[in-house]
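# Coordinate inspection notes
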Amino acid sequence: KYINDTEYFGLERDKKIDVPDKAKIFYHDVEADDLSDIGKYDSIILCEIIEHFQEPKKVISKLKKHLNSNGIIIISTSLPFRYKIHKYTSIIGLTSKEASDEHKSLLGRKELYNIADDCGLRVKAYYRKEMWTKQIIVLGE
């Protein structure tokens, strides 16, 4: 509803996830599958998902191939200490253990910058939000 004249394409591994109106969804496991059928884009957004990948650098490297010229990858993720709090609170039953176990890669600023560098991308912007517990990084060529 905020981006009226934009086409939205999603990449999802779970076919049970609700699909936004007017969205085209490609069903793939980003880490394991060939993504040759998904096309190229001006922006690729990874919203609170990078921490769920075993090999986030591999994911960024694969997705980089699907950027148009001057395209960007936007990543939002919590800072590692927020996940550590979640893990400890899941041990004592205050939060979901299953949700905590899904976090595979806890990435801070240094790790995100290293991934960008290793993938041949430049950091165009880096922000911290929500009382410095969330981070957003914008990568491009």
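Each remark here, short or long, concerns the structure printed above.
This section reports on the structure supplied with the text. For clarity, every value in this text was computed on a predicted model and none was experimentally measured.

### Some words on the overall build of the chain
- The number of helices and strands found in the chain is 4 helices and 6 strands.
- Each helix and strand of the chain, placed in order from N terminus to C terminus, yields the pattern β-β-β-α-β-α-α-α-β-β.
- Put simply, the chain has 141 residues, and 37% of those count as buried.
- Here the contacts in the chain between residues at least 6 apart in sequence split such that 57% fall between residues at least 24 apart.
- Surface exposure of the chain reaches about 9600 Å², of which carbon and sulfur atoms provide 51%.

### Brief notes about the nonpolar core
- Counting residues in each nonpolar core, the largest one holds 25 residues, and the members touching the most others are Ile-60, Ile-73, Ile-75 and Leu-139.
- What Ile-75 contacts, discounting residues up to four positions off in sequence, is Leu-46, Ile-50, Ile-60, Gln-135, Ile-136, Ile-137 and Leu-139.

### Section: the pairing of strand 3 (residues 41-47)
- Note: strand 3 against strand 4 (residues 67-78), 6 bridges, orientation parallel. Its bridge partner lying in strand 4, Leu-46 is registered against Ile-75.
- Considered for its hand, the β-α-β crossover made up of strand 3, helix 1 (residues 56-64) and strand 4 is right-handed.

### Considerations on the pattern of salt bridges
- Scanning the entire structure with this criterion turns up 3 salt bridges.
- The partner of Glu-48 in a salt bridge is Lys-134, with the nearest N and O atoms 3.1 Å apart. Placement of Glu-48 in the loop between strand 3 and helix 1 and of Lys-134 in strand 6 (residues 134-140) is noted, with a sequence separation of 86 residues between them.
- Taking the relative accessible area as the measure of exposure, Glu-48 reaches 24% and is therefore partly exposed.
- Overall, the relative accessible area of 16% leaves Lys-134 in the buried class.
- Lys-64 serves as the salt-bridge partner of Glu-141, at 4.0 Å between the closest nitrogen and oxygen. With Glu-141 in the segment after strand 6 and Lys-64 in helix 1, the pair connects residues that are 77 residues apart, well separated along the chain.
- Since its relative accessible area comes to 22%, Lys-64 is described here as partly exposed.

### Focus: the sheet that holds strand 4
- Taken together, the 4 strands give an open sheet; going across it, the order is 3-4-6-5, and neighbouring strands pair in mixed fashion. The two strands at the open ends of the sheet, each matched to only one other strand, are strand 3 and strand 5 (122-129). Strand-to-strand twist in this sheet, taken as the mean axis angle between neighbours without regard to direction, amounts to 15 degrees.
- With 7 bridges connecting them, strand 5 and strand 6 associate as antiparallel partners. Its bridge partner being in strand 6, Ala-125 is matched across the sheet by Val-138.
- Lying over the sheet, helix 1 contacts strand 3, strand 4 and strand 6, oriented at roughly 155 degrees with respect to strand 4.
- Relative to the sheet, helix 4 (residues 109-118) contacts strand 4, strand 5 and strand 6, its axis offset from that of strand 5 by approximately 160 degrees.

About the criteria used
- Residues numbered from 1 in each chain as written.
- Predicted model: local features only at pLDDT ≥ 70, side-chain atom pairs only at ≥ 80, totals over all residues.
- Heavy atoms only, no water.
- Helix = DSSP H or I, 4+ residues; strand = E, 2+ residues; numbered from the N terminus.
- Buried < 20%, exposed > 50% of the residue type's maximum accessible area, 1.4 Å probe, protein only.
- Contact = heavy atoms within 4.5 Å.
- Areas by Shrake-Rupley, 256 points an atom, 1.4 Å probe, with all protein chains shown as cover.
- Core = buried A, V, L, I, M, F, W, Y, C linked by side-chain atoms within 4.5 Å.
- Pairing = 2+ DSSP bridges.
- Right-handed = clockwise from strand over helix to strand, strands pointing away.
- Salt bridge = Lys/Arg side-chain N within 4 Å of Asp/Glu carboxyl O.
- Axes fitted to C-alpha atoms, helices over the stretch in contact; angles between N-to-C directions.

Nothing here speaks to function; it is all geometry.
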